[in-house]
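# A structural walkthrough
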Amino acid sequence: ERFLQMPGHFIRRAQQVSSAYFAEELSESELTSVQMVALAVIADNPGIDATRLSEIIDFDRATIGGVVDRLERKGLIQRIVNKQDKRSKAMHATAAGKALLEVNMSRVERVQERLLAALTPAERDIFLRLIRTIVAS
């Protein structure tokens, strides 16, 4: 039972709860949470390449390609060879990708609200500050 009191256990459980809420709220989108955040970053940063995308979302560079491939296959993004560097591709959200984001942002926000519902506003601020500190270290 001592493992059940360790922070890693609670972080794992919080991730499970977050994933369950995401699946409930966004099942119609057919996107994972990583795909959703990647799409949002691409939409907000037209012309971004995969290396910069992986840095912004803190996702492994080796596996971001699969995320990008799936978004492109779904018609949500478009990749164009970068004129300055032929080895990289500039990414842009398509009209369908932007529309999907628009429709689902309120659902993503609802996931966040559900995650933090048990906390007071002051506790939410503390929690977010602490979790950012852990992630940044």
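Since the model is a prediction, treat every value here as computed from it, not as a measurement.

Parameters and conventions
Residues numbered from 1 in each chain as written. Predicted model: local features only at pLDDT ≥ 70, side-chain atom pairs only at ≥ 80, totals over all residues. Heavy atoms only, no water. Helix = DSSP H or I, 4+ residues; strand = E, 2+ residues; numbered from the N terminus. Contact = heavy atoms within 4.5 Å. Expected span 1.5 Å × (residues − 1). Buried < 20%, exposed > 50% of the residue type's maximum accessible area, 1.4 Å probe, protein only. Arc of directions from axis to C-beta.

## Side note on the side chain of Arg-124
Assignment of secondary structure puts Arg-124 in helix H6 (residues 121-136). Contacts of Arg-124, omitting those with residues within four sequence positions, involve Glu-113, Leu-116, Ala-117 and Leu-119.

## Focus: helix H4 (residues 61-73)
For H4, with 13 residues, the first-to-last C-alpha span of 19 Å sits near the 18 Å given by 1.5 Å per residue. Buried within H4 we find Ile-64, Val-67, Val-68 and Leu-71. Buried positions in H4, seen along its axis, are confined to an arc of 100° and lie on one side of it. Residues of H4 that are exposed and point over 90 degrees away from its buried face: Ala-62 and Arg-73. Here the buried face of H4 lies against helix H2 (33-44), helix H3 (50-56), strand E1 (77-81) and strand E2 (89-93). Gly-75 sits one or two residues past H4 and shows a positive phi near 75°.

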